[in-house]
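So the chains spell out like this:
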Amino acid sequence: MIDPTLLHYSFAFCASHVHGNRPDGIGTVTVDEKERFEEIKERLRVLLENQITHFRYCFPFGRPEGALKATLSLLERVLMKDIVTPVPQEEVKTVIRKCLEQAALVNYTRLSEYAKIEDNLCNGKFHKHLQDLFAPLVVRYVDLMESSIAQSIHRGFERESWEPVNNGSGTSEDMFWKLDALQTFIRDLHWPEEEFGKHLEQRLKLMASDMIESCVKRTRIAFEVKLQKTSRSTDFRVPQSICTMFNVMVDAKAQSTKLCSMEMGQEHQYHSKIDELIEETVKEMITLLVAKFVTILEGVLAKLSRYDEGTLFSSFLSFTVKAASKYVDVPKPGMDVADAYVTFVRHSQDVLRDKVNEEMYIERLFDQWYTSSMNVVCTWLTDRMDLQLHIYQLKTLIRIVKKTYRDFRLQGVLDSTLNSKTYETIRNRLTVEEATASVSEGGGLQGITMKDSDEEDEEDD
């Protein structure tokens, strides 16, 4: 092969002569010289493009040093219309791109032909040698990736902010992406030895199952810790982080179908295991959140307990209200407590409905929340079976029970759940208490009643 730098110098001298820019100042060019120059220029262009197309053979391992770079520089010079006007870069890129496309075709064709005629390939000796050579490297790579992903999960959850990222949190999204990328890489190897290929697949599915299990357990722990730090009063508002943790579970369940299922005898082994863990964890998270809601309701009922019949506080409050009502309009007693609780319930329902990505989880949560709330109220009333409710207690409970029933009905809780025996017990007790109070208090309920009333609902909204 002729040194491309020498060719460059020779071509530059000829081009200077033809275009009337010789160093010696001679500017005469014959027609024959110009035609021969154009012919040589075209042959040189074809030669250079051929060398670039076959760069693997013309410049093996980048040798001679700098030759490929010099060839590209010469090609750019050859493509110039004259020695002054530079060729547009896009035109040069187009020519080089065409050469590389042709190079890809040439290399593929040669390899395919070699594979057809060579016994060393197609599971031959050389092919098996390559498998033996690279199998330990693949195993080592998988080991390193497993360690890396495990460390990223550990560090990620330590500083997790639980802000929503796509379908989950930052840590969970990173983990699922890495697991999927690793499985895709190994799958695209199309390992020819069936037994080792199945071993790799099983190893990756088991790894994914272990990683997702770790993610689920860490999320469950963070969920409980977060709830413990939140308010126990009606000021409580469901944080975005709580919804994100639910969504991590939703995403984990969806990802496990792809990352943990195997196309062999143990098809559902890892998938079923992680699916059961996610389902059990979601149940625990729902139970913990409902327990938080119940605690808030118990706090409201504890405030109402101060008005129990026969207590000093109840007698004193009744006397004070009656005395004050002779001179000023006394505000509706107890409505601030009821309104605060109703606002808390509605806000929590709206946030959960809007932020959690799985409708089934929301339905189960609301069903359990409603049932638990009614059980707490029923127990509280049962403990006061022999006592007449104070007017404050009655009005607040009527407001809470009616609004709770109405709001959960609007959220899609089924009638069979809404109209449970517990609810009927509460309704009957409050209806009797209302009838008693309307006689003894002379209309002291101020329009609050257990009877259904659309006007009351519109007024309270």
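Residues numbered from 1 in each chain as written. Predicted model: local features only at pLDDT ≥ 70, side-chain atom pairs only at ≥ 80, totals over all residues. Heavy atoms only, no water.

Attention shifts here to the overall build of the protein chain. The secondary structure content of the protein chain amounts to 17 helices and zero strands. Put simply, 76% of the contacts in the protein chain that link residues at least 6 apart link residues at least 24 apart. Total accessible area on the protein chain stands at roughly 26,200 Å², and carbon and sulfur atoms take up 55% of it. (Helix = DSSP H or I, 4+ residues; strand = E, 2+ residues; numbered from the N terminus. Contact = heavy atoms within 4.5 Å. Areas by Shrake-Rupley, 256 points an atom, 1.4 Å probe, with all protein chains shown as cover.)

Moving on: the pattern of salt bridges. Going through the model one piece at a time under the given rule, you end up with 19 salt bridges. Note that Arg 203 and Asp 143 form a salt bridge whose closest N and O atoms lie 2.4 Å from each other. With Arg 203 in helix H8 (residues 194-228) and Asp 143 in helix H6 (residues 125-158), the pair connects residues that are 60 residues apart, well separated along the chain. Here Arg 203 falls in the partly exposed class, since its relative accessible area comes to 21%. Assessed through its relative accessible area of 30%, Asp 143 is described here as partly exposed. A salt bridge links Lys 258 to Asp 180, with the nearest nitrogen and oxygen atoms 3.6 Å apart. (Salt bridge = Lys/Arg side-chain N within 4 Å of Asp/Glu carboxyl O. Buried < 20%, exposed > 50% of the residue type's maximum accessible area, 1.4 Å probe, protein only.)

With phi around 55°, Asn 166 is a residue other than glycine that occupies positive phi space. Along the polypeptide, Asn 166 turns up in the loop between H6 and helix H7 (170-188). At His 190, a position not held by glycine, the phi torsion is positive, near 50°. With respect to the helices and strands, the residue His 190 is situated in the loop between H7 and H8.

Looking now at H7. Along its 19 residues, H7 runs 27 Å from first to last C-alpha, staying within 8% of the 27 Å computed at 1.5 Å per residue. Every buried residue belonging to H7 is among Thr 171, Ser 172, Glu 173, Met 175, Phe 176, Lys 178, Leu 179, Leu 182, Gln 183 and Ile 186, and all of these are buried. Phi for His 190, located one or two positions after H7, is positive at around 50°. (Expected span 1.5 Å × (residues − 1).)

One can describe the packing of helix H13 (residues 359-382) onto helix H16 (residues 421-440) by two numbers: an axis separation of 9 Å at closest approach and a directional angle of 45°. By the angle class used here, H13 and H16 are oblique. As H13 runs across H16, the sense of the crossing is left-handed. Every residue of H16 that contacts H13 at Tyr 370, Met 374, Asn 375, Val 377, Cys 378 and Leu 381 is listed here: Thr 422, Tyr 423, Thr 425, Ile 426, Arg 429 and Leu 430. For the contact of H13 with H16, the residue count by class is eight nonpolar, three polar and one charged. (Axes fitted to C-alpha atoms, helices over the stretch in contact; angles between N-to-C directions. Parallel < 35°, antiparallel > 145°, perpendicular 65-115°, else oblique. Left-handed = near helix turned anticlockwise from the far one by under 90°. Nonpolar A, V, L, I, M, F, W, Y, C, P; charged D, E, K, R; others polar.)

On to the nonpolar core, then. Core analysis: the largest hydrophobic core is formed by 91 residues, its most contacted members being Met 175, Ile 212, Leu 352, Leu 397 and Leu 430. Among the elements that line this core, the one with the most residues is helix H10 (residues 269-305), at 14 residues. Grouped together as the second largest cluster of nonpolar side chains are 17 residues, Val 18, Leu 48, Val 78 and Val 87 included. (Core = buried A, V, L, I, M, F, W, Y, C linked by side-chain atoms within 4.5 Å.)

Time to look at H16. For H16, which comprises 20 residues, the first-to-last C-alpha distance of 29 Å matches the rise-based estimate of 28 Å (1.5 Å per residue) to within 8%. All of the buried residues in H16 are Thr 422, Tyr 423, Ile 426, Arg 429, Leu 430, Glu 433, Glu 434 and Ala 437. Taken end-on, H16 shows its buried residues confined to a sector of 140°, consistent with a single buried face. The outward face of H16, more than 90 degrees from its buried face, is lined by the exposed residues Lys 421, Val 432 and Val 439. The inward-facing, buried residues of H16 contact H13, helix H14 (391-410) and helix H15 (415-418). (Arc of directions from axis to C-beta.)

On to the environment of Thr 219. One can find Thr 219 in helix H8. For the pair Thr 219 and Phe 157, spaced 62 residues apart in sequence, the C-alpha to C-alpha distance is 8.2 Å. Other than its neighbours up to four places away in sequence, Thr 219 contacts Phe 157, Trp 162, Met 245, Val 248 and Met 249. A distance of 2.7 Å separates the side chain of Thr 219 from the backbone oxygen of Cys 215, its partner in a polar contact. (Polar contact = N/O pair within 3.5 Å; in protein donor to acceptor, adjacent residues only side chain to side chain.)

Looking at the protein chain, pLDDT values average 83 and 83% of them are 70 or higher. Within the protein chain, no element has a lower average pLDDT than helix H17 (residues 454-460), which sits at 47, and none a higher one than H13, at 94. Contacts of residues 453-459 to residues separated by more than four positions or lying in other chains number seven contacts, the stretch itself having pLDDT below 50. (pLDDT = per-residue confidence, 0-100.)

With that settled, consider the packing of aromatic side chains. Summed over all chains, the structure comprises 17 aromatic pairs. Centre to centre, the rings of Phe 236 and Phe 344 are 6.3 Å apart; their planes meet at 70°, and the pair counts as edge-to-face. Here Phe 344 lies in helix H12 (residues 335-355) and Phe 236 lies in the loop between H8 and helix H9 (240-259), a separation of 108 residues in the sequence. Comparing Phe 236 with Phe 344 shows no difference in burial state: the two are buried. Measuring from centroid to centroid gives 4.7 Å for Tyr 405 and Tyr 423, while their planes differ by 25°, and the two rings are stacked. Of this pair, Tyr 405 sits in helix H14 while Tyr 423 sits in helix H16, and the two are 18 residues apart along the sequence. Residue class for Tyr 405 comes out buried when judged on its relative accessible area of 15%. Three or more aromatic residues joined by ring pairs make a cluster, and in this case those are Phe 236, Phe 293, Tyr 341, Phe 344, Phe 366, Trp 369, Tyr 370 and Phe 408. (Phe/Tyr/Trp six-rings, centres within 6.5 Å; stacked < 30°, edge-to-face > 60°.)

The next subject is the packing of H8 against H9. Remark: H8 packs on H9, axes separated minimally by 10 Å, with the N-to-C direction vectors making an angle of 165°. On the basis of the axis angle, H8 is roughly antiparallel to H9. Classified by chirality, the crossing of H9 by H8 is left-handed. On H9, the residues that touch Lys 205, Ala 208, Ile 212, Cys 215, Val 216, Thr 219, Arg 220, Ala 222, Phe 223, Lys 226 and Leu 227 of H8 are Ser 241, Ile 242, Met 245, Phe 246, Val 248, Met 249, Ala 252, Ser 256, Lys 258 and Leu 259. Counted by class, the contact of H8 with H9 contains 14 nonpolar, three polar and four charged residues.

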